[in-house]
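Read off the chains here:
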Amino acid sequence: MSSTLSGDASLTLLNALTIKNIVTVQEIILDHLANNATAILDIDAEAQVDLSFVQLVTAARKHAETRAGRLVLARPAAGDLYDVLKRGGFLDEMTPDAAHFWLHQEKN
C-alpha cells in the first residue's frame with residue numbers, strides 16, 4: 001500500500017487460513033479491528049486458504065464498515081486466495097467495489 005491513513009495498522013495473518021483454525025483467525029481480526037480504525041490484512045502468497053477465510057473476510061469487512069472502520073488487503077489476492085476466489089465464482093461479474101478490494105483494481 002502506498003499510503004495509510006491515521007489509525008491504519010497492518011495485520012500479518014497466519015499461513016493456514018482454513019476451517020481448521022478459522023475461529024482463531026476470526027478472533028485475531030476482530031481484536032485488531034477493535035483497536036484500529038483500519039486493518040490492513042497482510043496475507044502471504046503462499047498461505048493455505050479455503051472458502052471459510054473468504055467468508056470470514058467478507059463478514060469482517062461488513063463488521064468494520066458498521067463501526068466506521070475498514071478492512072483492506074495489503075496487496076491483491078494471489079496464490080490460494082486467488083484460486084479460492086476463482087473456484088468460488090467470486091471473480092465472475094465482480095462489482096467495482098469487490099474488484100477494488102480483492103484485486104486492487106481501480107474503481108470506475
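Our subject is the structure that appears above.
The notes below deal with the structure included here. Everything numeric here is computed off the predicted structure, so don't read it as measured data.

1. Here's the deal with the side chain of aspartate 42
(1) Moving on: With respect to the helices, strands and loops of the structure, aspartate 42 is situated in strand β3 (residues 38-42).
(2) Moving on: A residue is classified by how much of its surface remains accessible, and aspartate 42, at 19% relative accessible area, is buried.
(3) Moving on: Here aspartate 42 is in contact with Ser10, Leu11, Thr12, Leu13, Ala74 and Arg75, once residues within four sequence places are set aside.

2. Focus: helix α2 (residues 51-66)
(1) Moving on: Over its 16 residues, α2 runs 23 Å from end to end, which matches the ideal 22 Å to within 8%, given 1.5 Å per residue.
(2) Moving on: Of all the residues in α2, the buried ones are Ser52, Phe53, Val54, Leu56, Val57, Ala60, Arg61 and Ala64.

3. As for the packing of aromatic side chains
(1) Moving on: Throughout the structure, instances matching the rule amount to one aromatic pair.
(2) Moving on: Aromatic side chains phenylalanine 101 and tryptophan 102 sit 4.8 Å apart centroid to centroid with 85° between the ring planes, which places their arrangement in the edge-to-face category. Exposure class is identical for phenylalanine 101 and tryptophan 102. Each is buried.
(3) Moving on: Geometry around phenylalanine 101 places arginine 61 over its ring, the cationic atom sitting 4.0 Å from the centre.

4. Things to note about the environment of threonine 38
(1) Moving on: Tracing the backbone through its elements, the reader meets threonine 38 in strand β3.
(2) Moving on: Spatially, the C-alpha atom of threonine 38 lies 21 Å from that of leucine 81, the residues being 43 residues apart in sequence.

5. As for the pattern of salt bridges
(1) Moving on: Tallied over the entire structure, the rule returns two salt bridges.
(2) Moving on: In this structure, aspartate 42 engages arginine 75 in a salt bridge whose closest nitrogen and oxygen atoms are separated by 2.2 Å. Of this pair, aspartate 42 sits in strand β3 while arginine 75 is found in the loop between β5 (70-73) and α3 (79-87), placing the two residues 33 residues apart along the sequence.

Definitions and limits used
- Counting from 1, residues in each chain are numbered in the order their sequence is written.
- Confidence filtering applies because this is a predicted model: local features only for residues at pLDDT of at least 70, side-chain atom pairs given and counted only at 80 or more, and all residues used for totals across whole chains, interfaces and linings.
- Excluded from the side-chain calculation are hydrogens and water; included are all heavy atoms of the structure.
- Think of it this way: any DSSP run of H or I at least four residues long counts as a helix, any run of E at least two long counts as a strand, and we number them from the N terminus.
- Only protein chains enter the accessibility calculation, which uses a 1.4 Å probe; a residue whose area is less than 20% of its type maximum is buried, one above 50% is exposed, and one in between is partly exposed.
- By definition in these notes, contact holds between two residues if any of their heavy atoms fall within 4.5 Å.
- Every helix has an expected span of 1.5 Å times one less than the residues it contains.
- Ring geometry is summarised as follows: Phe, Tyr and Trp rings, the Trp one being its six-membered ring, pair when their centres sit within 6.5 Å, and such pairs are stacked at plane angles under 30 degrees, edge-to-face over 60 and tilted between the two.
- Whether a charge sits over a ring depends on NZ of Lys or CZ of Arg being within 6 Å of the ring centre and within 35 degrees of the ring normal.
- Salt bridge, as used here, is a side-chain nitrogen of Lys or Arg placed within 4 Å of a carboxyl oxygen of Asp or Glu.

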